[in-house]
Amino acid sequence: MIIPQKIKTILEEIPANVKLVAVSKTKPKEDIIEAYEGGYRVFGENKPQELAQKYNELPKDIEWHFIGHLQTNKVKYIAPFVQLIHAVDSIKLLKEINKQALKNNRVIKCLLQFHIASEETKFGLNLKEAKELLASEDFKSLKSIQIVGVMGMATYTDNEVQIRNEFGNLKSIFESLKSDSFLTENEFKEISMGMSGDYMLAIGEGSTMIRVGSTIFGSRY
Ligand SMILES: *Cc1c(COP(=O)(O)O)cnc(C)c1O
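Residues numbered from 1 in each chain as written. Predicted model: local features only at pLDDT ≥ 70, side-chain atom pairs only at ≥ 80, totals over all residues. Heavy atoms only, no water.

**Quick look at the packing of helix α6 (residues 127-135) against helix α8 (residues 160-181)**
Thought 1: Closest axis-to-axis distance for the α6/α8 pair is 11 Å, and the angle between their directions is 25 degrees. What the angle tells us is that α6 and α8 run roughly parallel. Handedness of the α6/α8 crossing: right-handed. Touching Leu 127, Ala 130, Lys 131 and Leu 134 of α6 are Ile 173, Ser 176, Leu 177, Asp 180 and Ser 181, all from α8.
Thought 2: Here the contact of α6 with α8 is built from residues that sort into five nonpolar, two polar and two charged. (Axes fitted to C-alpha atoms, helices over the stretch in contact; angles between N-to-C directions. Helix = DSSP H or I, 4+ residues; strand = E, 2+ residues; numbered from the N terminus. Parallel < 35°, antiparallel > 145°, perpendicular 65-115°, else oblique. Left-handed = near helix turned anticlockwise from the far one by under 90°. Contact = heavy atoms within 4.5 Å. Nonpolar A, V, L, I, M, F, W, Y, C, P; charged D, E, K, R; others polar.)

Spelled out as structure tokens, the structure:
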């Protein structure tokens, strides 16, 4: 029972209002079953087909989060059951999620992904882009998606000051969007930030959701 023990240790370390998403990507379903039998129900994956296969083979009361970059042509694999899509960064993707949600008679919750790290990446919005997206007529017409917060990844570095600054930046982005666009929407409350190496720093900056993989399931090689 090593995996449940690791989860328990993290849960004891974090505040009760912070949700732990156990990132099981690349790991076999036996590892998830071990966590499940230890009582855990919230898991994250980053490959649509892998997630769909695990969903089919595992107990149906698992809460599945999609945490990675999602291609529009793969939304259909996860739309019937996914609880939260963490990394949405374009209107094109939102439109496809909306379309697939509608087909499945659901409203799918999403987080907007922001680029807060110093590393180059093509993924993630900046504040200006997000405000433009949220103000667009295209966005306003989407009734089968719900934006419930923001997500980001800090730079992979030992520099704790830098990591704190980047998480602090995501918290400010959240506050700015909240007061601009979501003031009356109580569901807009999530800040998904923090992974194995930096989740305590993220919680210090206001994280409400941490995504932890290797600390629970071991390294992925
Ligand atoms: C893999 C992954 C994680 C978990 O990373 P660990 O360092 O193993 O905890 C968290 N978030 C995203 C987006 C990931 O792709």
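**Quick word on unusual backbone geometry**
Thought 1: If you check the backbone angles, Thr 26 has positive phi at about 70 degrees while not being a glycine.
Thought 2: Along the chain, Thr 26 falls in the loop between β1 (19-23) and α2 (29-37).
Thought 3: Using a relative accessible area of 51% as the deciding quantity, one classes Thr 26 as exposed.
Thought 4: A positive phi angle, near 60 degrees, is found at Asn 105, a position not held by glycine.
Thought 5: Mapped onto the elements, Asn 105 comes out in the loop between α5 (91-103) and β5 (108-114). (Buried < 20%, exposed > 50% of the residue type's maximum accessible area, 1.4 Å probe, protein only.)

**Some points on the site of the ligand**
Thought 1: Within the structure, the ligand sits among Lys 25, Ile 67, Met 151, Met 153, Met 195, Ser 196, Arg 211, Val 212, Gly 213, Ser 214 and Arg 220.
Thought 2: Between the ligand and the protein, one listed contact pairs an oxygen atom with a backbone N or O atom of Ser 214 at 2.8 Å.
Thought 3: Here an oxygen atom of the ligand and a side-chain polar atom of Arg 220 are 2.7 Å apart.
Thought 4: Within the complex, the protein chains bury 90% of what would otherwise be the 390 Å² of accessible surface of the ligand.
Thought 5: When each cavity is represented as a set of grid points, the ligand is found to reside in the largest pocket. (Near = heavy atom within 4 Å. Polar contact = N/O pair within 3.5 Å; in protein donor to acceptor, adjacent residues only side chain to side chain. Areas by Shrake-Rupley, 256 points an atom, 1.4 Å probe, with all protein chains shown as cover. 1 Å grid on protein atoms, 1.4 Å probe; cavity = no way out; pocket = protein on both sides within 12 Å on 5 of 7 lines; lining within 4 Å. Sits in = over half its atoms within 2 Å of the grid points.)

**Let's talk about the layout of surface pockets**
Thought 1: Within this model, the largest pocket holds a volume of roughly 810 Å³.
Thought 2: Surrounding the largest pocket, 35 residues form its lining, Met 153, Ala 154, Tyr 156, Met 195 and Arg 211 being those nearest its centre.
Thought 3: For the lining of the largest pocket, the secondary structure elements donating two or more residues are β5, α8 and β8 (209-212).
Thought 4: Taken together, the residues that form the lining of the largest pocket break down as 15 nonpolar, twelve polar and eight charged. (Points joined across faces, edges and corners; volume = space filled by probe spheres on them.)

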